Amino acid sequence: PTIGTLEEVARALSVRIGGLLTEWGSPVLMRRKAEGEWSAKAQGPTRDLDQIYGSGYVRTQLLAIATPLEGANGTTLSTGSLHQVYVIEGLVEICYGSELVQLSEGDFLRFPADVEHAFGTPDGKALLHITTTAPHVAQFASEG
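Scope of this entry: the structure provided in the associated data block. (Residues numbered from 1 in each chain as written. Predicted model: local features only at pLDDT ≥ 70, side-chain atom pairs only at ≥ 80, totals over all residues. Heavy atoms only, no water.)

1. Concerning the pattern of salt bridges
Moving on, step 1. Across all of its chains, the model carries one salt bridge by this definition.
Moving on, step 2. Residue K125 pairs with E89 through a salt bridge whose shortest N-O separation is 3.7 Å. Remark: E89 occurs in strand β3 (residues 82–89) and K125 occurs in the loop between β7 (117–120) and β8 (126–135); sequence separation between them is 36 residues.
Moving on, step 3. Residue classification places E89 among the partly exposed residues on the basis of a relative accessible area of 30%. (Salt bridge = Lys/Arg side-chain N within 4 Å of Asp/Glu carboxyl O. Helix = DSSP H or I, 4+ residues; strand = E, 2+ residues; numbered from the N terminus. Buried < 20%, exposed > 50% of the residue type's maximum accessible area, 1.4 Å probe, protein only.)

Have a look at this one:
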C-alpha cells in the first residue's frame with residue numbers, strides 16, 4: 001500500500017502509522033554503556049534505552065537530574081500514561097498532581113504521567129531509570 005493508504009487505515013483504526021508498520025513480538029535488543037548517547041532535555045540529560053510499539057507505547061530511559069525540584073519544569077503526558085521510576089543513585093523529589101514524594105537509591109514509584117509532574121534532586125545529582133507507557137488509543141473519562 002502507499003503511504004496515503006497507510007495513513008487512512010491508521011486514522012480509521014485510531015492508531016499511529018508506526019503501529020501498523022511494527023512487527024509483533026519482542027526481538028532481543030542490547031545497548032552497551034559505551035554506545036549510549038545522551039540528549040539534552042529540560043529536566044536533565046536523558047539516554048533512551050528502548051522504545052517499542054504494540055497495543056500501547058513504551059519508552060525506557062535513564063534520566064540524570066542535577067537541578068532542585070523548584071527549578072524543574074512540569075510536564076503532562078497523554079491520558080492514560082504511566083511513569084515507572086526506579087532510583088539508581090541519589091536522592092530524588094517527584095511532584096505529581098498535588099503529591100510530593102522523596103525517594104532514595106533502590107526505591108520504585110509508579111504514578112500517572114497524565115497529571116502535571118516534575119523531577120528534582122536536593123543533592124545536585126541523581127540517576128533514575130524511567131519506563132513510560134502510553135496507550136495508542138485515547139482513554140475515555142469515567143462518567144460520574
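So that's the structure; there's more coming.
2. Observations regarding the environment of T121
Moving on, step 1. Within the fold, T121 resides in the loop between β7 and β8.
Moving on, step 2. Residue classification places T121 among the buried positions, given a relative accessible area of 2%.
Moving on, step 3. Each C-alpha atom, one on T121 and one on G71, is 9.9 Å from the other, the two residues being 50 residues apart in sequence.
Moving on, step 4. Discounting chain neighbours no more than four positions away, the residues touching T121 are I65, A66, T67, P68, L69, L91 and A126.
Moving on, step 5. Within the structure, T121 has its side chain in polar contact with the backbone oxygen of L91 (distance 2.6 Å). (Contact = heavy atoms within 4.5 Å. Polar contact = N/O pair within 3.5 Å; in protein donor to acceptor, adjacent residues only side chain to side chain.)

3. A few points about the side chain of Q61
Moving on, step 1. Along the chain, Q61 turns up in strand β2 (residues 56–65).
Moving on, step 2. Note on Q61: relative accessible area 14%, which makes it buried.
Moving on, step 3. Side-chain polar atoms of Q61 contact the side chain of D48, separated by 3.1 Å.

4. Examining the sheet that holds strand β4 (residues 92–96)
Moving on, step 1. Here we have three strands laid out as an open sheet, ordered β5-β4-β7, and antiparallel in their pairing. Two strands bound the open sheet, and with one partner strand each, they are β5 (99–103) and β7. The sheet shows a mean angle of 15 degrees between the axes of neighbouring strands, taken without regard to direction.
Moving on, step 2. By the bridge criterion, five bridges tie β4 to β5 in an arrangement that is antiparallel. Following the sheet pairing, Y96 is matched in β5 by E99. (Pairing = 2+ DSSP bridges. Axes fitted to C-alpha atoms, helices over the stretch in contact; angles between N-to-C directions.)

5. Quick notes on the packing of aromatic side chains
Moving on, step 1. All told, the structure shown has two aromatic pairs when counted by the stated rule.
Moving on, step 2. Between the aromatic rings of Y96 and F111, the centroid separation amounts to 4.8 Å while the plane-to-plane angle is 25 degrees, which identifies the pairing as stacked. One end of the pair, Y96, is in strand β4; the other, F111, is in strand β6 (residues 108–112), with 15 residues separating them in the sequence.
Moving on, step 3. A relative accessible area of 16% places Y96 in the buried class.
Moving on, step 4. Look at F111 and you get buried, because its relative accessible area is 1%.
Moving on, step 5. Three or more aromatic residues joined by ring pairs make a cluster, and in this case those are Y96, F111 and F119. (Phe/Tyr/Trp six-rings, centres within 6.5 Å; stacked < 30°, edge-to-face > 60°.)

6. A few points about the layout of surface pockets
In this approach a probe as big as a water molecule rolls over the atoms, and the regions it shows empty are the leftover space.
Moving on, step 1. Space inside the largest pocket adds up to approximately 410 Å³.
Moving on, step 2. As for the largest pocket, its lining consists of 20 residues, and the residues nearest its centre are R59, Q61, L77, H83 and T132.
Moving on, step 3. Of all elements in the fold, only β1 (46–53), β2, β7 and β8 reach the threshold of two or more residues within the lining of the largest pocket.
Moving on, step 4. Considering every element that reaches the lining of the largest pocket, the biggest residue donor is β2, with four residues.
Moving on, step 5. Looking at side-chain class alone, the lining of the largest pocket contains six nonpolar, 10 polar and four charged residues. (1 Å grid on protein atoms, 1.4 Å probe; cavity = no way out; pocket = protein on both sides within 12 Å on 5 of 7 lines; lining within 4 Å. Points joined across faces, edges and corners; volume = space filled by probe spheres on them. Nonpolar A, V, L, I, M, F, W, Y, C, P; charged D, E, K, R; others polar.)

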